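Listed below are the residues making up each chain.
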Amino acid sequence: FPIDITFKSTNPFGWPQIVVSVYGPDFFGNDVVRGYGAVHVPIIPGRHTRTIAMFVPESTSRLQKFTSWFTGRRPEFTDPRVVAQGEGREVTRVRSQGFVTICFNVV
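Since this is a predicted model, take the numbers as computed values, not measurements.

Chemist: Would you explain the side chain of H48 in this entry?
Modeler: Relative to the helices and strands, H48 is located in strand β3 (residues 46-57). At 2.5 Å, the side chain of H48 forms a polar contact with the backbone oxygen of I44. For H48, the contacting residues outside a window of four places in its chain are P42, I102, C103, F104 and V106.

Chemist: Sorry if this is basic, but what is going on with the packing of aromatic side chains here?
Modeler: Ring pairs (aromatic) are described by centroid distance and by the angle formed between their planes. Taken as a whole and judged by the stated rule, the model has 1 aromatic pair. Centre to centre, the rings of Y36 and F55 are 6.4 Å apart; their planes meet at 50°, and the pair counts as tilted. Note that Y36 is positioned in strand β2 (residues 31-40) and F55 in strand β3, a separation of 19 residues in sequence. Of the two residues, Y36 and F55, both sit in the buried class.

The rules behind each value
Residues numbered from 1 in each chain as written. Predicted model: local features only at pLDDT ≥ 70, side-chain atom pairs only at ≥ 80, totals over all residues. Heavy atoms only, no water. Helix = DSSP H or I, 4+ residues; strand = E, 2+ residues; numbered from the N terminus. Polar contact = N/O pair within 3.5 Å; in protein donor to acceptor, adjacent residues only side chain to side chain. Contact = heavy atoms within 4.5 Å. Phe/Tyr/Trp six-rings, centres within 6.5 Å; stacked < 30°, edge-to-face > 60°. Buried < 20%, exposed > 50% of the residue type's maximum accessible area, 1.4 Å probe, protein only.

Next comes the structure, spelled out in structure tokens:
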């Protein structure tokens, strides 16, 4: 999906990130999260390709895993800033879930 954004800054601290949330149907047809990931927007002009490692939050116990599978309500983040900042994620259990490739054309 093409996105056209303009930024102006004197330094790259807190440089923008793109947060990717991928959703898809499960076995029962429920729309569930398939992965989250984030990448910093490149600073240097040109064409840049970035591969984002995706991850999915997991339940902490087998009972919670079964209950979430049975009800179709899997764990997911309610705020996309959790994915971008990483602060507080050290206590969140996640599982790797593939990759997404993004191509940037920076002017």
